[in-house]
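# Examining the three-dimensional arrangement
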Amino acid sequence: MALMEINNMVKRFGGLMAVNDVSFAVDSREIVSMIGPNGAGKTTAFNCITGLYPITTGDVLFDGRSITGQPPHRITRLGIARTFQNIRLFSFMTALDNVMVGAHSWMSAHVWDSVIKSPRARADERRVTDRAHDLLDQLGLSRYAGAYARELPYGLQRRLEIARALATQPRILLLDEPAAGLNPQEKKELMALISRLREEGLTIFLIEHDMRVVMEISDRIVVLDHGVKITEGRPLEVRNNPQVIEAYLGHGAAERMADA
Amino acid sequence: MSDETTASAARATAGAIGHGTLVDPRGLSARTDRAGTTRPAVVRTLAFLRKLYGLVQRYFPQFLIAGIAFAILKVYANGGLTLMGAQIKNALVLGAIYALVAIGYTMVYGIIELINFAHGDVFTLSGFYAFVIAGLSGGAIGSLATHSGIGLLLALLIIFPTTMVAAGFTGVVIERVAYRRLRDAPRLAPLITAIGVSFLLEGLMLVIFGADNRPTKLSSWITGRAVRVAGVDVNWKDIFVVATALGLMFSLGAFVRITTLGKAMRATAQDRSASLLSGINVNRTISATFFIGSALAAAGAIVYSINYDLIQWNLGYQLGIIAFTAAVLGGIGNIVGAGVGGFIIGVISVFGGQLAGGEWSNSLVFAILVIILTFRPVGLFGVDVTTRA
Amino acid sequence: MPRLGLLQRPQPVTPQAGPRGSGTSTFWIFSLGSAMLLLMSWLLPWFVRPTSSGVGYSPMDVVTSSPTGIGTILVYILAVTMLIMVLSPVLEIAYRLRKEATPRRFDTLRGIAAVIGLVSTVAVFVLARIMREEPLFGQIDSHSITDSAVWLTMAGYIIAAVTYGARQRVTHRPSLAFGAVALPFGLLLPLMFHQAPDFILWAAESLAVYMLLALGLNVVVGFAGLLDLGYAAFFAIGAYTCASLASPKHSIHLPLWVLIFLGAAVASMFGAVLGAPTLRLRGDYLAIVTLGFGEIIPDLATNNVGKLTGGPDGISSIDQPALGPIHFGTNKEWYYWSLLVVVIVVIILLRNLERSRMGRAWVALREDEVAAAATGINTTSTKLLAFAIGASISGIAGAFYGSIVTVVTPQDFNFSVSVSILSMIVLGGIGNITGVIVGSFALTFVIFWVLQNLNEWSGTLGQTINVPTLGNLNFSQYTYIVYGVTLILMMLLRPGGLIPSRARQIELKSGGEEESLAAVQGRA
C-alpha cells in the first residue's frame, strides 16, 4: 500500500492555480523526486501536504487515512517531516537545541513535569539530549553542537535542518531542494545520506533541481509544470519523455542531458 | 564547551533509542492520531468557534453596517429626529478629527510598518502649541480672531501654518531620533520605542502644563449658527471643522497622487529597497511622511480646541488609539480608507456612547478596536496594501 | 552500514568566548552597587531620621561617639576600606577610558580590603552591640535597635568582596554571581532598612510585587515573544479575585495562602481566554489587542459589573493575614519575606521551564513560527500556555498586592502599570530572568522610592536654602518621563537590556521579518 497518496489536489491563490488536480502516490521506502521548472507549484504542493497551506480541493492520504485540513504540527506528529527550500533553522538557537526542538512532539513530559523538573522530565530530557547528540554526531555536526545555527556554514545548515527533521521520528521525509547551494562534494555526501536513510527504513520525497542528483537517487520521478502533473515514472522514462524535455528542460537541453 | 566529550559521553550512556541510526525505528511504525481521538469535545468546540470566527470575518462589513444602522434607528426611536440629527452632527465633527489623526497612523504604517504610538501625543502636543501660540503677546491672536471676520481669517492663517509646521518638525525629530536607527530591527523594537516616546511626551506635557484640563479659549473664535435643519442647530464651528478636515484630506490626496514627493512616498511604501535603488531618497521621504502626518494631527488638534475648548496632557492616548482603530478599519496604509474609517468610528462612538451610556464609551472604543483587529485586521475593504506576507 | 565516510570533517568552531557583554555589565552593577551601599551606610542615618546621630548604631554614630583604643583603629580601617570601595568605580572608569584592563593586583587588593572591612564591621558590631564595650566607643545609646546602616555596610562589603575578589567568575558566570549576591541582600533588606518603615513598605508593595509581575510578563514577552501591553489586566483580575474573597464586600474571608493559588488559577484562565483571539495576529496587532483588553478589564471594574467590584472606589478593608503572633498588617517585612519566598520559587520554576521542552518551543516559536509548526510544535497551545503562565504569576502578585494595600481600585491597573512592567523587563533584559530582577529593582527604586521621596527632600532643601519653589515641585509627575526615557534609550542603545541574554542581544539588533503562521496560511 502506498504510504502517502495525493488525490486530485488543487491549490488556488485567487485566480492562480498553483497546483491543479495533481495525483500521485509514494510507496513505503521509496525515493520519489518531484521536478519541474521554477514556479511549477512544487513547493506549494509541499506546503499543502504538510498543512502549511489549506488545500482548495482534493485529499492527502497518509497511511490510508486522510490528513487533509490537519494543522501542520499534527501532520508532523503523524510522521511527515520536512525541510525548507530557504533554510528555516531557528537561527539564535544552538545546533543542539534546534535538533531537540525536533524531538518536541514525542517527548512525554508534561508542562508541570518540566516546571518541577520531575524525574520523568529529567529522563525525558536526557533521552532527547542523547538522541540529539547522536544525530549531530552521525551527521558530522557534533563540533557545532554549541554554536548558533546561523553561525554554521551553509552546507552544514542544510544538514542541520535534516537532523532536525529526523529528530521528529518521521516515516517520510520531505526535502525541498536539499542540494541547492551545495558543492559537488557535498552533493555526493547528500546522496549517500539519502540512500542511507532509505536503507534504514525511511521514505523520501524530494524536490530537486539538480538533475544528476535526481537521476541518480530517485526510484520514481513526478514532473510538474504550471501546477499540472505532466508525467511520472522511472528516471530513464522521464529523461526520455519528449514532453518533459520540451516543457521542463527547453530546447537544446536534450543534447546536454545526453552528454551527462 | 567541549562538544566532543559530551557527544562521546552520550554515546557511552548508550541504551538510548535509535542509537547509531539516523532513523528512529520507533517512528517507522504506524501511529494513531492522539489529539483527534481523545478530546473530541474540545475539538468540536474549537471547530465550532473556528467556523464562527470565519463567518464573522467574512461578513464583517455587513455586520458593522447593520449594527450602525440599528444604533441610529434606536437613537431615532428613543429621541426622535432632533436627537438623531444632533448626534449625526456630533458624529461628523468627531469623525473629522479622528480622520485627521488616523491619516498620520496610516501613512506611517504604510511606509515603515510601525504603529506610531506617539502620534496621539503629537496631537496633544500640537494642541498645546496652538494654546501657546494663541496666548503669545497677551493673547493678541485671540483678540484678533474675535475682532472681526477678516481678523478671524488672519488669525486662522497664522495659527494653522505655525502650529502645523511646529508639529511637523516635532514628528520629523521623533522619527530621526527614535525610529530611524531601528528601521531594520524586528517590528516590536520600534513599537516599544514608540510607546517610550509616547510616555516621554505625555510626561513632559504633564510636568509643563499640569495634570488638569487647560481651556484653550479657541472656542470663542468661531461662533454663531449657520443653519437649522429639522430642529438641529448646525453651527459655523461644526461646518468649519468638517470642511477643514475634508479640505486637508483632499489636498493630501492630490499631493500624494500628483507631486514627485507623493509618488516617492507611494513607491517607498510598496518596496523600500527598490525605491532606494531607483534613486529615491528614502530617508527624506520617510521624514516627509512624518511631517505631513504630524501636521495633519496638528490641524486636528486646532479644530479640536476650537470645538471643545480644552486640552489635557493625556488626551492623545485614547484619542490616538481611537484614530488608530479608524486607520485599521479603513485598511492600514490606505489614506482614503483612514478618512472613511475616521467618520465611521465617529458614528460608532457617538451613537454607541448614546445607547450604552457615557461610562461605557471607553470600553466601547476598545471593544471595537479588539473586534476589528481580531476579525478584520485587513480593514473593511479587505485589501491589505502593505503586508508582503 | 556506511558510516558516512564521505562527510568532510568540519573545522572546529572557535570556542565561544562566553557571554562577555552580560558579564561585564554584571560587574559594573556590582561595583557601583557596593559603592552606593557603602556610601549610603554613611548617609542613610541622616536621610531616614535626621536626628539619628547617637540614636542608632551606624558608622556615622561610631565616628561621632569619638571611639578610643582599638575602637579608633577599627573605625580608621572602616573609613579606609570604605573609601577604597567607594572610589573603585572611578578607578574602573579611568582604566576603561584609557582602554586598559585593570591590573589584577588591584582586584586582589580590593578583594582583601573588602574582606577586612567586612571583618571590622562585624567586629564593631559585636563589640558595641553584643558585648556592649562602651568604653571603646564612648557614649552610645544602647537601647537602640540594630541600625540599618550596619547591615548596609555588611552587604556593601560582601558585594565588593565578590566583585573584586572573584572578578573572573563574575564576568563568566554572571547569573551565579548575581544569585550569590542578591539572595543575602534580599533577605537582609528589611533588616537594613528597618528604621524606615516606608522603605520596607516599598520593598514589599513595589519591589516584590513588581518583580513578580515582571517575571510573569517576561514569560509572555521574553520567552514566547508576544508583546502584551495589557498585562495589568491580569494583575487586576488576581487582585480583584482575592479582594472579593477576603473582605467584607461579599462577607467571604479566605486566607491569603489559599487566595494565592486561587488568584493564579483565575488569572491564568483569563490569560488563556483573552489570549485566544490574538493567536492569529501579527506581533504589533497582538500588542494593540492586548492593550484593548488591558483597558476594558479595569473599565468593567469601574462600571461595577454585576455589582461585584465596588465601582470606582474599588474594594476596601481587605484582610491581612497573621502567622501565629505576627500580624502582617503591622509587620510589613513579613509580606516582603513571604513575597521573597514566592519570588524565589517562581524564579526556580521559571528557570526549569525555560530550559525544558516548553522553553525551547517558545524560543522556536519566537524565531520562526512556520518552521516551529512544521517541526511539530502546536503553536496555538504553546502561545496560550505562555499567556496562561504569565497571567498566573500576575494573579499571585495581585493577591499579595490587595492584601498589602488593603484596597484595590480600578485606577491601580491602568495602561501605565502595564508599561511600567514592560519598562522593567526592557531595562533589565528581555528574556533574561537575572535582567528582569535587576530591571525591576532599579525602576521600582527610582519610581516608587526616589521620586516619591524627592518631593519631601526638595521641600526640606528648599526650606534650608530658602528657595521655596523647590518645595512645590511634584516629582511623582516625572514617572512617565522615566518610563519613556528608559524605553527609548534601552531600545536604541542596548536593546538586549542591562543584562542581555546572549541570543536576544543579537536578535533584537538584526532580526529579520517575522511572518506568522496564520499569515502564511492566508487566514489573517
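Computed from a predicted structure; not experimentally measured.

The rules behind the values
- Residues numbered from 1 in each chain as written.
- Chains lettered and ligands numbered in written order.
- Predicted model: local features only at pLDDT ≥ 70, side-chain atom pairs only at ≥ 80, totals over all residues.
- Heavy atoms only, no water.
- Helix = DSSP H or I, 4+ residues; strand = E, 2+ residues; numbered from the N terminus.
- Buried < 20%, exposed > 50% of the residue type's maximum accessible area, 1.4 Å probe, protein only.
- Contact = heavy atoms within 4.5 Å.
- Areas by Shrake-Rupley, 256 points an atom, 1.4 Å probe, with all protein chains shown as cover.
- pLDDT = per-residue confidence, 0-100.
- Pairing = 2+ DSSP bridges.
- Axes fitted to C-alpha atoms, helices over the stretch in contact; angles between N-to-C directions.
- Core = buried A, V, L, I, M, F, W, Y, C linked by side-chain atoms within 4.5 Å.
- Salt bridge = Lys/Arg side-chain N within 4 Å of Asp/Glu carboxyl O.
- Buried area = accessible area lost by both parts, 1.4 Å probe.
- Nonpolar A, V, L, I, M, F, W, Y, C, P; charged D, E, K, R; others polar.
- Phe/Tyr/Trp six-rings, centres within 6.5 Å; stacked < 30°, edge-to-face > 60°.
- Lys NZ or Arg CZ within 6 Å of the ring centre and 35° of its normal.
- Patch = residues over 30% accessible without salt bridge, like charges linked within 9 Å, V, L, I, M, F, W, Y side chains within 5 Å.
- Lys, Arg positive; Asp, Glu negative; His and termini not counted.
- Charge placed at Lys NZ, Arg CZ, Asp CG, Glu CD.
- Right-handed = clockwise from strand over helix to strand, strands pointing away.
- Expected span 1.5 Å × (residues − 1).

## Here's the deal with the overall build of chain C
Counting its regular elements, chain C contains 22 helices and four strands. Counting all 524 residues of chain C, 58% fall into the buried class. Taking contacts inside chain C between residues at least 6 apart in sequence as the whole, the part at least 24 apart equals 77%. Element-wise, carbon and sulfur atoms account for 67% of the exposed surface of chain C, whose accessible area totals about 20,600 Å².

## Let's talk about the overall build of chain B
In terms of helices and strands, chain B carries 15 helices and four strands. Out of the 389 residues in chain B, the part that is buried amounts to 53%. Contacts in chain B between residues at least 24 apart in sequence constitute 76% of all its contacts with a sequence separation of at least 6. For chain B, the exposed area adds up to about 16,800 Å²; of that, 67% sits on carbon and sulfur atoms.

## As for the confidence of the model for chain B
On average, chain B scores 81 in pLDDT, and the residues at 70 or more come to 89%. Counting interchain partners and residues more than four positions distant, the pLDDT-below-50 stretch residues 1–18 of chain B has 25 contacts.

## A few points about the sheet that holds strand E5 (residues 65–66) of chain A
Residues and elements named next belong to chain A. If you trace the four strands from one edge of the open sheet to the other, you get E2-E1-E4-E5, paired in antiparallel fashion. Only two strands of the sheet have a single partner each, and these edge strands are strand E2 (16–27) and E5. Inspection of the sheet shows strand E1 (residues 2–13) paired to E2 by eight bridges, in the antiparallel sense. Its bridge partner being in E2, Glu5 is matched across the sheet by Ala25. Relative to the sheet, helix H1 (residues 42–49) contacts E1, E2 and strand E4 (57–62), its axis offset from that of E1 by approximately 115°.

## What about the nonpolar core?
Grouped together as the largest cluster of nonpolar side chains are 274 residues, with contacts concentrated most on Phe117(B), Trp221(B) and Phe324(B). Per-element tally for this core: the top contributor is helix H5 (residues 60–112) of chain B, with 23 residues. Among all residues touching Phe324(B), those that are not within four sequence positions of it are Tyr105(B), Ile115(B), Ile332(B), Leu369(B), Leu373(B), Tyr285(C) and Ile288(C). Judged by nonpolar contacts, the second largest core, of 44 residues, contains Ala95(A), Trp106(A), Leu135(A) and Ala165(A).

## Looking at the confidence of the model for chain C
Residues and elements named next belong to chain C. Put simply, chain C has an average pLDDT of 79, and 82% of its residues get 70 or more. The low-confidence segment residues 1–21, where pLDDT is below 50, has 39 contacts with residues more than four positions distant or belonging to other chains. Low pLDDT, under 50, characterises residues 509–513; the predicted model gives this stretch nine contacts beyond four residues in sequence or across chains.

## Points about the pairing of E1(A)
Successive side chains on a regular strand alternate, one facing one side of the sheet and the next facing the other. All names here are of chain A. The hairpin turn running from E1 into E2, its antiparallel successor, is two residues long, and Gly14 in that turn takes a positive phi close to 60°. Judged from the five bridges that link them, E1 and E4 form a sheet pairing that is antiparallel. Counterpart to Ile6 in the pairing with E4 is Val60.

## Examining the pattern of salt bridges
In the structure shown here, the tally under the stated rule is 23 salt bridges over all chains. A salt bridge links Arg159(A) to Glu189(A), with the shortest nitrogen-to-oxygen separation between them at 2.8 Å. Linking Arg159(A) in helix H6 (residues 154–166) with Glu189(A) in helix H7 (residues 184–199), this pair joins segments that are 30 residues apart in sequence. Asp107(C) is the partner of Arg167(C) in a salt bridge, and the nearest nitrogen-oxygen pair spans 3.1 Å. Here Arg167(C) is found in helix H7 (residues 167–172), whereas its partner Asp107(C) is found in helix H4 (residues 104–130), with 60 residues between them in sequence. Each of the salt bridges in this network shares a partner with another, and the network as a whole consists of Glu30(A), Arg220(A), Lys229(A) and Glu232(A).

## A word on the interface of chain B and chain C
Every contact between the two is made by 53 residues of chain B and, on the other side, 50 residues of chain C. For the pair chain B and chain C, the summed buried area comes to about 4,600 Å², and 72% of that belongs to carbon and sulfur atoms. Of all residues in chain B, the largest losses of buried area upon contact with chain C belong to Arg187(B), Ile192(B) and Phe199(B), amounting jointly to 15% of the total for that side. Those elements that place two or more of their residues in the side of chain B that touches chain C are helix H4 (40–58), helix H7 (149–179), helix H8 (188–209), helix H13 (315–329) and helix H15 (361–375) of chain B. No other element matches the 15 residues that H8(B) contributes to the side of chain B that touches chain C. Residue classes in the side of chain B that touches chain C are distributed as 35 nonpolar, nine polar and nine charged.

## Brief notes about the sheet that holds strand E9 (residues 220–225) of chain A
Residue and element names in this part refer to chain A. Strand order across the open sheet formed by six strands is E6-E7-E8-E3-E9-E10, with mixed pairing between neighbours. The two strands at the open ends of the sheet, each matched to only one other strand, are strand E6 (80–82) and strand E10 (228–233). Strand after strand, the sheet turns through a mean of 20° between neighbouring axes, direction not considered. Sheet topology note: the E9/E10 ladder contains five bridges and is antiparallel. In the sheet register, Asp225 faces E10, and the bridge partner there is Val228. Contacting strand E3 (31–35), E6, strand E7 (172–176), strand E8 (203–207) and E9, H1 runs over the sheet at an angle of about 140° to E8. Sheet strands in contact with H7 are E3, E7 and E8, and its direction is about 150° off that of E8.

## Quick notes on the environment of Gly156(C)
Residues and elements named next belong to chain C. Mapping Gly156 onto the fold places it in helix H6 (residues 148–165). Separated by 38 residues in the primary sequence, Gly156 and Leu118 have C-alpha atoms spaced 8.6 Å apart. If we ignore the near neighbours within four places in the chain, the residues touching Gly156 are Ser34, Leu37 and Leu38.

## Examining the packing of aromatic side chains
One pass over the structure, following the stated rule, counts 36 aromatic pairs over all chains. Taken together, a centroid distance of 5.4 Å and an interplanar angle of 40° make the contact between Tyr53(B) and Phe375(B) tilted. Of this pair, Tyr53(B) sits in helix H4 while Phe375(B) is found in helix H15, placing the two residues 322 residues apart along the sequence. Exposure remark for Tyr53(B): the relative accessible area of 15% places this residue in the buried category. What links up through ring pairs into an aromatic cluster is the set Phe117(B), Phe199(B), Trp313(B), Tyr317(B), Phe415(C), Tyr480(C) and Tyr483(C). The positively charged end of Arg167(C) is found above the aromatic ring belonging to Phe27(C), 4.0 Å away from the centroid. The positively charged end of Arg280(C) is found above the aromatic ring belonging to Tyr53(B), 5.1 Å away from the centroid.

## Side note on a nonpolar patch on the surface
The grouping of Leu46(B), Phe48(B), Leu49(B) and Leu52(B) at the surface amounts to a nonpolar patch, some 390 Å² of accessible area in total. Take Leu46(B): it is sitting in helix H4.

## Some words on a positive patch on the surface
Side chains of Lys117(A), Arg122(A), Arg126(A), Arg173(C) and Arg355(C) sit close together on the surface and give a patch of like positive charge. Residue position: Lys117(A) is located in the loop between helix H4 (111–116) and helix H5 (119–138).

## Examining the pairing of E7(A)
Residue and element names in this part refer to chain A. Judged by how many residues are buried, E7 sits mostly within the fold: five of five residues are covered. Of the two faces of E7, the one holding Ile172, Leu174 and Asp176 and the one holding Leu173 and Leu175 are both buried throughout. Inspection of the sheet shows E7 paired to E8 by five bridges, in the parallel sense. Counterpart to Leu173 in the pairing with E8 is Ile204. As a crossover connection, the stretch from E7 through H7 into E8 is right-handed.

## Description of helix H20 (residues 479–493) of chain C
Residues spaced three or four apart along an α-helix face the same direction, because each turn holds 3.6 residues. Along its 15 residues, H20(C) runs 21 Å from first to last C-alpha, staying within 8% of the 21 Å computed at 1.5 Å per residue. Of all 15 residues in H20(C), 11 are buried, a share of seventy percent or more. Three or more residues of H20(C) are buried, namely Thr479(C), Tyr480(C), Ile481(C), Tyr483(C), Gly484(C), Thr486(C), Leu487(C), Ile488(C), Met490(C), Met491(C) and Leu492(C). Next to the buried residues of H20(C) lie H7 and H8 of chain B together with helix H17 (415–428) and helix H18 (433–464) of chain C.

## Some points on the side chain of Arg164(A)
Checked against the element boundaries, Arg164(A) lands in helix H6. Taking the relative accessible area as the measure of exposure, Arg164(A) reaches 2% and is therefore buried.

## Re the environment of Ala232(C)
All names here are of chain C. Following the sequence through the fold, Ala232 ends up in helix H10 (residues 232–245). Counting along the chain gives 162 residues from Ala232 to Ser394, while the straight-line C-alpha distance between them is 8.1 Å. Discounting chain neighbours no more than four positions away, the residues touching Ala232 are Phe413, Asn414, Val417 and Ser418.

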